[in-house]
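Working through the structure, step by step
Spelled out from the first residue to the last, the chains are:
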Amino acid sequence: MASHFGVVIPGRPVLVEFEMIESTKSVATIVNPGEINEMCFFLLPGVVLPPNASAVLYYTVDGVGWTALGAISPEKPSGIFRTPWHAHVEGAVQLGVSLESNETVANLNLSRSGVDDRRAFGQKIAQDLFNFLASFAHPTNDARAMLAGANLGEVLVVPANVIDRWITRFHEKYQRDPNFYLKDSFNS
């Protein structure tokens, strides 16, 4: 299994050297993992997996807890996966590849090659912008609107440079933690 898979990390040589630790499991080490935002995992040309099997890519920061990044199969021989480890991880991260049944892979509930997490990323960024703009909301006291029977509730009165201010704030948050948008609550 050592030469069945490859990993492309932007700006680095292709990684195809995996050490076999069991008949269906291999590992490789990547250094300076904080520089890596995403990677491409793929089957090498001519590789045939066992019937009804997929290759699952896992990672561990501490050598103990393994987390699935994504899976590839003959039907989907490559995938681009975001790396969820924190940008300030020093040293190395271990990657693991495990051949598993398609049923097991389905139960892992992995996103579809980055599509779902990119959609979630867009939604989180839009939510962050909405939260920032909502901080400018004020109750309306517009007598004309109330006389006309309109209940405007709150209105947004924003400075002309509001988007510039949000971008600056976004960059500051990203500098502190490049994965802040992946967290459940990131309104800070």
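Residues numbered from 1 in each chain as written. Predicted model: local features only at pLDDT ≥ 70, side-chain atom pairs only at ≥ 80, totals over all residues. Heavy atoms only, no water.

Brief notes about helix H4 (residues 162–176)
Here H4 is 15 residues long and its end C-alpha atoms lie 21 Å apart, about the 21 Å a rise of 1.5 Å per residue gives. Those residues of H4 that fall on the buried side of the exposure criterion are Val-162, Trp-166, Arg-169, Phe-170 and Lys-173. End-on view of H4: buried residues confined to an arc of 105 degrees, all on one side of the axis. Seen from the buried face of H4, the exposed residues on the opposite side, beyond 90 degrees, are Asp-164 and Gln-175. (Helix = DSSP H or I, 4+ residues; strand = E, 2+ residues; numbered from the N terminus. Expected span 1.5 Å × (residues − 1). Buried < 20%, exposed > 50% of the residue type's maximum accessible area, 1.4 Å probe, protein only. Arc of directions from axis to C-beta.)

Remarks on the nonpolar core
By size, the foremost hydrophobic cluster in this structure holds 27 residues, and its most contacted members are Phe-5, Val-7, Ile-30, Met-39, Phe-41, Trp-85 and Leu-95. The set of elements that each furnish at least two residues to this core consists of strand S1 (5–8), strand S3 (25–31), strand S4 (38–43), strand S5 (53–60), strand S6 (67–72) and strand S8 (92–101). When near neighbours in sequence (up to four residues on either side) are disregarded, Leu-95 contacts Val-7, Leu-15, Ser-26, Val-27, Ala-28, Ile-30, Met-39, Leu-57, Tyr-58, Tyr-59 and Trp-66. Within the second largest apolar cluster, eight residues are counted, among which are Leu-133, Phe-136, Phe-170 and Phe-180. (Core = buried A, V, L, I, M, F, W, Y, C linked by side-chain atoms within 4.5 Å. Contact = heavy atoms within 4.5 Å.)

A look at unusual backbone geometry
If you check the backbone angles, Asn-32 has positive phi at about 50 degrees while not being a glycine. With respect to the helices, strands and loops of the structure, Asn-32 is situated in the loop between S3 and S4. What makes Asn-32 partly exposed here is its relative accessible area of 43%. Of note, Asn-52 is a non-glycine position whose phi angle comes to about 55 degrees, a positive value. Take Asn-52: it is sitting in the loop between S4 and S5.

Examining the sheet that holds S1
The three strands lie next to each other as S1-S4-S7, forming an open sheet whose pairing is antiparallel. Each having just a single partner strand, S1 and strand S7 (78–82) make up the two edges of the open sheet. Neighbour-to-neighbour, the strand axes of this sheet turn through a mean angle of 20 degrees, independent of strand direction. Examined bridge by bridge, S4 and S7 share five bridges and lie antiparallel to one another. (Pairing = 2+ DSSP bridges. Axes fitted to C-alpha atoms, helices over the stretch in contact; angles between N-to-C directions.)

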